[in-house]
Structures are given as structure tokens and as C-alpha cells.
Number of protein chains: 2
Amino acid sequence: MKAVQLSRSYVTRLVCGKCGKPHQAGVLQGLCTACARPLLVEYDLPAIGRVLTKKALAAREPSLWRYRELLPVVEDAHIVSLGEGMTPLLEVPRLAAQLGMRRLYIKNEAMMPTLSFKDRGQAVAISMAKELGVKRLAIPSAGNAAGAMAAYGARAGMEVYVFMPDDVPLGNRVECDLLGAKVFLVNGLIGDCGKIVKDGKDALGWFDLSTLKEPYRLEGKKTMGLEIAEQMGWELPDVVVYPTGGGTGLIGMWKAFNEMEALGWIGKQRPRLVSVQAAGCAPIVRAFEQGAEHAEPWQNAHTIASGLRVPGAVGDFLILRAIRETGGTAVAVTDEELSADQQVVARAEGICPAPEGGATVSAVKRLLKSGWVRPDESVVLFNTGHAMKYPYEPAPAVHIRKEAVDFKAIGA
Amino acid sequence: MKAVQLSRSYVTRLVCGKCGKPHQAGVLQGLCTACARPLLVEYDLPAIGRVLTKKALAAREPSLWRYRELLPVVEDAHIVSLGEGMTPLLEVPRLAAQLGMRRLYIKNEAMMPTLSFKDRGQAVAISMAKELGVKRLAIPSAGNAAGAMAAYGARAGMEVYVFMPDDVPLGNRVECDLLGAKVFLVNGLIGDCGKIVKDGKDALGWFDLSTLKEPYRLEGKKTMGLEIAEQMGWELPDVVVYPTGGGTGLIGMWKAFNEMEALGWIGKQRPRLVSVQAAGCAPIVRAFEQGAEHAEPWQNAHTIASGLRVPGAVGDFLILRAIRETGGTAVAVTDEELSADQQVVARAEGICPAPEGGATVSAVKRLLKSGWVRPDESVVLFNTGHAMKYPYEPAPAVHIRKEAVDFKAIGA
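Worth saying up front: this structure is predicted, and the values here are computed from it rather than measured. (Residues numbered from 1 in each chain as written. Chains lettered and ligands numbered in written order. Predicted model: local features only at pLDDT ≥ 70, side-chain atom pairs only at ≥ 80, totals over all residues. Heavy atoms only, no water.)

### Details of the overall build of chain A
Quick reminder of the rule: Elements are defined by DSSP. Helices are runs of H or I of four residues or more, strands are runs of E of two residues or more, and each kind is numbered from the N terminus. Note on method: radius of gyration uses C-alpha positions; expected globular size equals 2.2 Å times residues raised to 0.38. To sort residues, take the accessible area from a 1.4 Å probe on protein chains only and compare it with the maximum for the residue type: under 20% means buried, over 50% means exposed, and anything in between is partly exposed. In this analysis, two residues are considered to be in contact whenever any of their non-hydrogen atoms come within 4.5 Å of each other. For the area figures, the Shrake-Rupley method with a 1.4 Å probe applies, and any residue is considered shielded solely by the protein chains shown. Charged residues are defined here as Lys and Arg on the positive side and Asp and Glu on the negative side; His and the ends of the chain fall outside this count. Every charge is mapped to an atom, namely NZ of Lys, CZ of Arg, CG of Asp or CD of Glu.
Of regular secondary structure, chain A possesses 16 helices and 14 strands. For chain A, the C-alpha radius of gyration of 21 Å lies close to 22 Å, the compact-globule estimate for 412 residues. When its C-alpha atoms are laid out on the principal axes, chain A stretches across 70 × 50 × 50 Å. Counting the 412 residues in chain A, one finds 63% classified as buried. Residue pairs at least 24 apart in sequence account for 70% of intrachain contacts in chain A once pairs closer than 6 positions are excluded. When the accessible surface of chain A is totalled, it reaches about 14,500 Å², and 50% of it is carbon and sulfur. Computed over 48 positive and 44 negative side-chain charges, the separation of the two mean positions in chain A equals 2 Å.

So this is what it looks like as C-alpha cells:
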């Protein structure tokens, strides 16, 4: 297993995903200066194709940094890493049998430094922030993104400011506090927290790491697409089911598939991308069904799957484009369904998924029923986090007395 | 990255670690039938040396199953895996600088399916249980071992019985419940739970997976030694600091070093193995200081580091032998020290360690002060689990009102 050292950057420029306006690479950038939509990183793919082969990849270290040429960080010394990426892609035959399927896989993003897929984006974004001279970070978050930023911020020796709605679960606060982030609880929603981060920029000089408001979290997330391709021997699955809040991962995988095709690593065929959302917050599902290009913000968003409680995503049009271009779809599932399926996954396969991971199973059940997914298709479900970071109520405890153990009752 | 398929088993026999009595491999075994001490697995190392090279290893999958020839499972179909092992070995330069050291590493065992090093032992032991026809498992546990057994038991489709003291933290119960284990809370201590597991064997026909009471958890744990050797380019560190409860990992690493030497992969030199225990439960430290071969059980054991709350270990003599043979030592640290150092690690390096992981830093501080560790020595600390599985009290929350954000106060 080798670490990789770059002799040059392969980034050519940044381009607005909406209006196409080019922006300069190698300097701090936020949203598009013309239309305030996300910027996408472009690479010199022909040059990468000349230096990087699938075979060379196989001998590299098992982290997302194995795709170094396809990532924006230039200098080794700027990489801020906790060993993230190359999470297991597990075949789940017992769960498949329960669903009447044959080739079902779970990509388990719980096996990350801060127990969620957010680490991918934060590792790459904070490495780039370091490369570009940032010393202080800020984020609005009600969940896993804050923990990830606090961890990589600490690893980089940066100051970290986190703004959370004041009803955030204790676990998320605990993590940020242990990691030394400055945590502020706001009497409002995530949007109010986002406004504080935006407004404080001049006074406090922090860099805003909100989802898709800078171009590099997306680059980290795209490695999920690279990994499933490599882990499946460069044969992509028929369907990928992805819990969609801000949607960075879905957009990232779609971008990765296009880059891999340009490199000649895969063909024209794409997995059909499925966005899963919660019935209490399903702006992408609604927009997809209406044939809209953008998603209207969802009113009164509510779901226990906190990663899906994103009423409006700045990359909405990119999510919808990725779903449509790949022949995918969007599905909403109820909190009851996703909670029950969290248990179904755990008990069938020994993986403790986040509620969002449970939601992917609920979605597949619906898609099998409607015939949209066929039982013999290969399907990858993304479990985006670990159950231990979410509240969970166990069944009532069964007590036994050591003085009078009744083994017949225990075995019943 | 390749999966490995064995053409034969390289296990030759099992041998008692205390009295040397040989036992047959390939059948279910517990403790030594002569002296009730742990059995160790012996391999045909010359034969392994003929088929397995360091170079071949480098191209294998990033899990503990890369060391397949040195593990007891024969048939691929019996492997029960969640992608465990090959956890990151991270250089921690900011923590090192705080301690005045130069070459400090953390082996982060939190990046495991159930967030602790226990997964190594359970993956291998439950795979072997499957190979030998077991359908039902039982364990006494107050912590991470139960969660690991519940996960691998579920993955294997086995029935899982867990017996816990009734004051166990909610998090440990939650995990077992989500995974579908049958959980029983006992009005007593871990020893009382262990007795129930032992007594129920005939009535309920379960296999007892208690620490070192079967020979294969040790084989899983030994991969920690194989991994640090491979990850450091087959140059072992000067010192390894290991939080010691039951001590399976320490004994396992010592066994792995001996096997690697027999294979010609490393030389005679060994890392000095350091056992870290809590001041409220330090039987190994006391026995080491007294020059005893066995450790007397500790009375009134108490510590917040639940993995260190092990008053008596059935492998005590092997732990003490490993420490002494390698020129190591044993150190007790207080709960105040290890809690404070949990934060020190998190804030310096972005890793959220278990309290046991914090204890390794407390131990190094003491050993630097006494001169036992020199500042220029290379030292590997084992973080055995993730902070999110333990209770933790964050600092009081700082509230701000969205109607009147005072950025000067935030920056102060």
C-alpha cells in the first residue's frame, strides 16, 4: 500500500454548475459570483489518464486519498486526514433474501472517523482550506457535518465555530465539545444558523463550510462513486439508493461516473440513481414528480432522520439532473418505515445503520413492489452513518436474579 | 485488492498456554482440560512461509482477513465479516509536540463495525464457531464485547444471549437490542453474569464466548500486531502502549510478533509492551510490581473506563509473561487523568477516543517523566474504542439569540 505524491495539480478551473461561468482555481471561492449556485471542479482528465491506471490504484493505501490525482489538494503537507474512505462494500445476502432479491450490497459509511459519510467532504474541504491559508472555520449544522468539521478542524489545528439549533440531540453537542469546537445553540432552525455563519464572515474572518457553498466537499463525496466502481471490479451496479438531504454525495457520484468514463475506466452505462427522502421533508421527490428543474423549499420539515431534514438544497437542480440523466427516481418514506427498517438491517446483517440507512431499505421495498426495481438487479444501498449517533429507545429491559436463574424462561 | 482463498488449514494443534498440554484442532474447545487455562493456536509456520510473502500481502483486501493463512478459519463460506481490521495507524504530530515527543502514533480501533477492537476477536471466533457448527452464542459483558458479539452473531444468523450487570450504560444495551440479541440484566457484577453463562451451557446449548475461554478471539486480536508491523514497513516501534482489561490483545500481539519472527518477517527485537490499567482496578500492575506469575483478583473494582473494569483475567500469566519478555512495564492511571487526556487527544488530533484510549496518553506522560520512555523513541498508542459509546458530559451550552447576534462576544 503506497501513499501517492503529486508532481502537479490536475485541476484546470472551477465552473458554475448552473450558468457555466468559469472561476479561477487555486484561490478561495464560494458560490458562483454570477448566479450564487455551486461551483464544480474541472480536471485535466486526459493528463490524468496518461499517469493513472486501474492497476496502479490497486496497490494504494485504503483511503479516499488513493484517488489523489482526481482530488484538488496539491501538496502532501496540506492533507488533513484521519484515514477516511474505502469503507466496506458488503454483500448482504440475508437481507436480500428477506426482500426477495439476489444481489444486494450496503456501502457502510458508518466506518469513518466520526461515524458518517460527512468525513469525506470535510477531509477534502479542510485540506483545501489549509492549502489556501484558512485558519478559522464555521458551519451551521444539526448533526453529523458539525462533528466531522470539528474533527478535521482539530486535526488541522484550526479554530472551529459550530452553530446548532437549540433542540439538537445531546450526542451531536457532545462530539463537538469533546473535539474542542466552539459550539453555539441558536433559538431557531438550521437556516437561522446558516444566516449567522454568513453574516459573521466579515467580523470573524471564518471560512463558510456549509454544504455546496464551497467547491471541495463535493470532491470528497465523489469518492463514494470511485470506490463502488473499484470495489465492484469496475462493473457498476444497476441501481444506487442514496438518502438525500443536501445531496452532495449523489451529485458527487454522478460527477465521478462522468470522470471515470472520460478516463476510459467505465463505459456509458450508469447506475440509476435513487434519491430517498423522508415523507416529512421531501422537496426533491416533489420536484422530481412535478418535472421541475428546481425544488421549492419544504415547509414545516420534520423527520427523525436528521440528515434528511434539509428543506432546501442549493444544489437541487444538480440532484434532479443526476437522477434524470441516469434514469433514476425519487422516493419518500415515512419515519415509521425507516425506523422499522433500521432494525431489519441490524438484525439481518449485524450493521447498525443510521435512520437514513434504514430509509434506503424502505425505498427498495416500495420500488420492488412497483416493479421499478427487478429482483435480479444489482443494488447498492448507502448507509450514511452509525446508529450510535442517533437517539434510540431499546425494548424494555428483562431482569433476572442471580440467586434464582430460570434457564427455561431464558430459553423461551 | 484480492480476497484470499485457502487450499488447506495451517493450524496444527492447540496447546495450553500454562501447562503445555496439546489439544485437538478442528473441534470445539474451551479452556485446557487439565488446568483450565487458555489454549493457544499453533500453525505450520514453515509451510506458511513457503506460500505467503510480504509482497503478496500488500495487494490484499484492507481487512484482518488479509492474514488468512495465519488465521484458523478454513472455508471461505464460514467467514463472518463486516469489513473489520486494517484500522488507520495515524501519526499524531500535534499530540507528540505537546508531550515533547517526536514519533508518536495512534492505532485507531474506533474505526470498526461496532466501534471497538472487540470486533477483531468476535469476527474470528464467530467464524470458527460457524465452521464448527455452533448455532447459539452467549457472553457476559458490561460493554463493547457484547455489541460486537451481537453484530457478528446477527451477521452469522445465530441466536445471541447477552448477560449484563444491571447498571450497564444505556448505550451498550441499545446496541445489543438494535441488533436483536436477547439481553438480560443481572443484579450483580460481570462475574455473576459469567457464572450464568457457564451454568446455562447444558440447559441451553450455547457456546461460551467469554474472553480467552475459547481459543479464537485471541487469533483475531493478534492481527493488531500484524497490522502495526505491516503499516510501519515491517519496522516495529520501540514501545506499544495498550489498555489492559482481559489482555487478549496484548497476548495476541506478543504471539503475532513470535509468529512473524518465525516467518522471517521481523527480527528478534520486540516493542516493549506497556499495560495500562485504571488506578481503581489494577491487578496486572500490582502483580507486575510484585514479581508475581499470576494476578490476584482486584477487590471493589471501579473506573469509568469500562473496558478496564476486569478484576481478574484468566490469561493473567500470559499478560505478565508478554510484558516481561519484551522488557515492558505496567502503569496505573487515575480516572481524572484518563478523562482529561481523552480531551487532550480529541482536541490535538481530531480523534474521539474511548476513556481507555485517553489512559494510554496518561501512561506515556508518566513514563516520560520517569525516563522509562525517551522523547525520541517511537511509540504506538492503542485507542481501543470510540468515545460515542461511553457517557460524556459536555461543557454547559452557550446560547445565542438569532434576533441579536453579538459577533464580538462570539469571537471573544
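### Considering the relation of the copies chain A and chain B
These two copies of the chain differ by a rotation about an axis and a displacement along the same axis. Here is the rule we go by: Our superposition of the copies is a least-squares fit, built on the C-alpha atoms of residues whose pLDDT is at least 70 in both.
Take chain A, turn it by 180 degrees, move it 0.0 Å along the axis, and it overlays chain B with an RMSD of 0.0 Å. What the rotation and shift describe, once combined, is the action of a two-fold rotation axis. A share of 100% of interface residues in chain A that are also interface residues in chain B marks the association as one of identical surfaces.

### Description of the packing of helix 11 (residues 248–262) of chain B against helix 13 (residues 316–325) of chain B
Residues and elements named next belong to chain B. We apply this condition: Throughout, an axis means a line fitted to C-alpha atoms (over the contacting stretch in the case of helices), and angles, computed between N-to-C directions, take values from 0 to 180 degrees. Throughout this description, any angle smaller than 35 degrees is read as roughly parallel, any larger than 145 degrees as roughly antiparallel, any in the 65 to 115 degree range as roughly perpendicular, and the remainder as oblique. By definition, any crossing whose near helix is turned counterclockwise from its far helix by less than a right angle is left-handed, and any crossing with a clockwise turn is right-handed. Residues are grouped as follows: nonpolar covers Ala, Val, Leu, Ile, Met, Phe, Trp, Tyr, Cys and Pro; charged covers Asp, Glu, Lys and Arg; every other residue, Gly included, is treated as polar.
Taken N-terminus to C-terminus, the directions of helix 11 and helix 13 make an angle of 50 degrees; their axes are 9 Å apart at the nearest point. Relative to helix 13, helix 11 is oriented oblique. Between helix 11 and helix 13 lies a crossing whose hand is left-handed. Along the contact surface, helix 11 presents Leu250, Ile251 and Trp254, while helix 13 presents Leu318, Ile319, Arg321, Ala322, Ile323 and Glu325. In terms of residue class, the contact of helix 11 with helix 13 is built from 7 nonpolar, no polar and 2 charged.

### Some thoughts on the side chain of Gln342 of chain A
What counts is decided by this rule: Pairs of N or O atoms within 3.5 Å make up the polar contacts considered here, provided that, within protein, one atom can donate a hydrogen while the other can accept it, and that residues adjacent in sequence are counted only when both atoms are side-chain atoms.
Within the secondary structure, Gln342 of chain A sits in helix 14 (residues 335–349). With relative accessibility at 6%, the residue Gln342 of chain A sits in the buried group. From its side chain, Gln342 of chain A meets the backbone oxygen of Pro353 of chain A in a polar contact 2.9 Å long. The residues contacting Gln342 of chain A, other than those within four sequence positions of it, are Pro353, Ala354, Pro355, Gly358 and Ala387 of chain A together with Leu178 of chain B.

### Notes on the interface of chain A and chain B
To keep things clear, this is the line we draw: Buried area: the accessible area, evaluated with a 1.4 Å probe, that two parts lose upon being put together, summed over both parts. The rule for a salt bridge is simple: a side-chain nitrogen of Lys or Arg has to be within 4 Å of a carboxyl oxygen of Asp or Glu.
Taken together, the contacts link 77 residues of chain A with 77 residues of chain B. Carbon and sulfur atoms supply 65% of the area buried between chain A and chain B, which totals about 6,400 Å² over both sides. The tally of links from chain A across to chain B stands at 4 salt bridges. Salt-bridge contacts for Lys402 of chain A lead to Asp192 of chain B; the nearest nitrogen and oxygen are separated by 3.7 Å. The tally of links from chain A across to chain B stands at 26 residue pairs in polar contact (both at pLDDT 80 or more). Here the side of chain A that touches chain B takes 7 residues from helix 6 (residues 170–178) of chain A, the largest share from any one element. Here the side of chain A that touches chain B is built from residues that sort into 45 nonpolar, 15 polar and 17 charged.

### Focus on the environment of Ala404 of chain B
Relative to the assigned elements, Ala404 of chain B resides in the loop between strand 14 (398–400) and helix 16 (407–411). Residue Ala404 of chain B is classed as partly exposed on the basis of its relative accessible area, which comes to 48%.

### Concerning the sheet that holds strand 6 (residues 136–140) of chain B
For clarity, the cut-off: The rule for pairing is simple: two strands pair if DSSP sees at least two bridges between them.
Overall, parallel pairing links the 5 strands, which are arranged 14(A)-8(B)-7(B)-6(B)-9(B) in an open sheet. Strand pairing shows two members of the sheet lacking a second neighbour, strand 14 (398–400) of chain A together with strand 9 (207–208) of chain B, which therefore form its edges. Bridge count for strand 6 of chain B against strand 9 of chain B is 2 bridges, and the pairing is parallel. Bridge pairing in strand 9 of chain B places Ala138 of chain B opposite Asp208 of chain B.

### Some words on the sheet that holds strand 1 (residues 11–16) of chain B
As a general point, the strands of a sheet are linked pairwise by backbone hydrogen bonds and lie either parallel or antiparallel. All names here are of chain B. Reading across from one edge, 2-1-3 is the order of the 3 strands in this open sheet, with antiparallel pairing throughout. Two strands bound the open sheet, and with one partner strand each, they are strand 2 (22–23) and strand 3 (39–43). Of the pairings in the sheet, the one linking strand 1 to strand 3 comprises 5 bridges and is antiparallel in character. Within strand 3, the position partnered with Val11 by the bridge is Tyr43.

### Some remarks on helix 14 (residues 335–349) of chain B
Residue and element names in this part refer to chain B. Our working definition: Each helix should span, by expectation, one fewer than its residue count multiplied by 1.5 Å.
The terminal C-alpha atoms of helix 14 lie 21 Å apart, and with 15 residues this matches the ideal 21 Å at 1.5 Å per residue to within 8%. Where helix 14 is concerned, the buried positions are Asp335, Leu338, Asp341, Gln342, Val345, Ala346, Ala348 and Glu349. Gly350, located one to two residues past helix 14, shows a positive phi value of around 75 degrees.

### Focus on the pattern of salt bridges
Evaluation of the coordinates by the stated rule reveals 58 salt bridges over all chains. Lys222 of chain A is the salt-bridge partner of Glu259 of chain A, the closest N and O atoms lying 2.8 Å from each other. Of this pair, Glu259 of chain A sits in helix 11 (residues 248–262) while Lys222 of chain A sits in the loop between helix 9 (216–221) and helix 10 (223–231); the two residues are 37 residues apart in sequence, bridging distant segments of the chain. When its relative accessible area of 0% is taken as the criterion, Lys222 of chain A is described as buried. One salt bridge connects Lys222 of chain B with Glu219 of chain B, and the closest N-O pair in it is separated by 2.7 Å. Its relative accessible area of 0% is what places Glu219 of chain B among the buried residues. Beyond isolated ion pairs, a larger network of salt bridges with shared partners links Lys107, Glu109, Arg120 and Glu227 of chain A.

### Observations concerning the packing of aromatic side chains
Short version of the rule: Geometry of aromatic contacts follows a simple scheme: Phe, Tyr and Trp rings, the Trp one being its six-membered ring, pair when their centres are within 6.5 Å, and the pair is stacked under 30 degrees between planes, edge-to-face over 60, tilted otherwise. We call a charge positioned over a ring when the NZ of a Lys or the CZ of an Arg lies within 6 Å of the ring centre and within 35 degrees of the ring normal.
Applying the stated criterion across every chain, the model contains 16 aromatic pairs over all chains. Between the aromatic rings of Phe407 of chain A and Trp206 of chain B, the centroid separation amounts to 6.3 Å while the plane-to-plane angle is 70 degrees, which identifies the pairing as edge-to-face. Separated into two different chains, Phe407 of chain A in helix 16 (residues 407–411) and Trp206 of chain B in the loop between helix 8 (201–204) and strand 9 make up a pair that spans both. Assessed through its relative accessible area of 17%, Phe407 of chain A is described here as buried. Residue classification places Trp206 of chain B among the buried residues on the basis of a relative accessible area of 2%. Among the aromatic residues, ring-to-ring pairing joins Tyr161, Phe163, Phe184 and Trp206 of chain A together with Phe407 of chain B into one connected group. Of note, Arg66 of chain A hangs over the ring of Tyr67 of chain A, and the distance from its end group to the ring centre comes to 5.9 Å. The side chain of Arg272 of chain A reaches across the aromatic face of Trp372 of chain A, ending 4.4 Å from its centre.

### Examining the confidence of the model for chain A
For the record, the criterion: A score from 0 to 100, pLDDT tells how confident the predictor is in each residue.
Scored by pLDDT, chain A has a mean of 95; 99% of the residues are at 70 or more. Scored by ipTM, the complex comes to 0.96, with pTM at 0.97.

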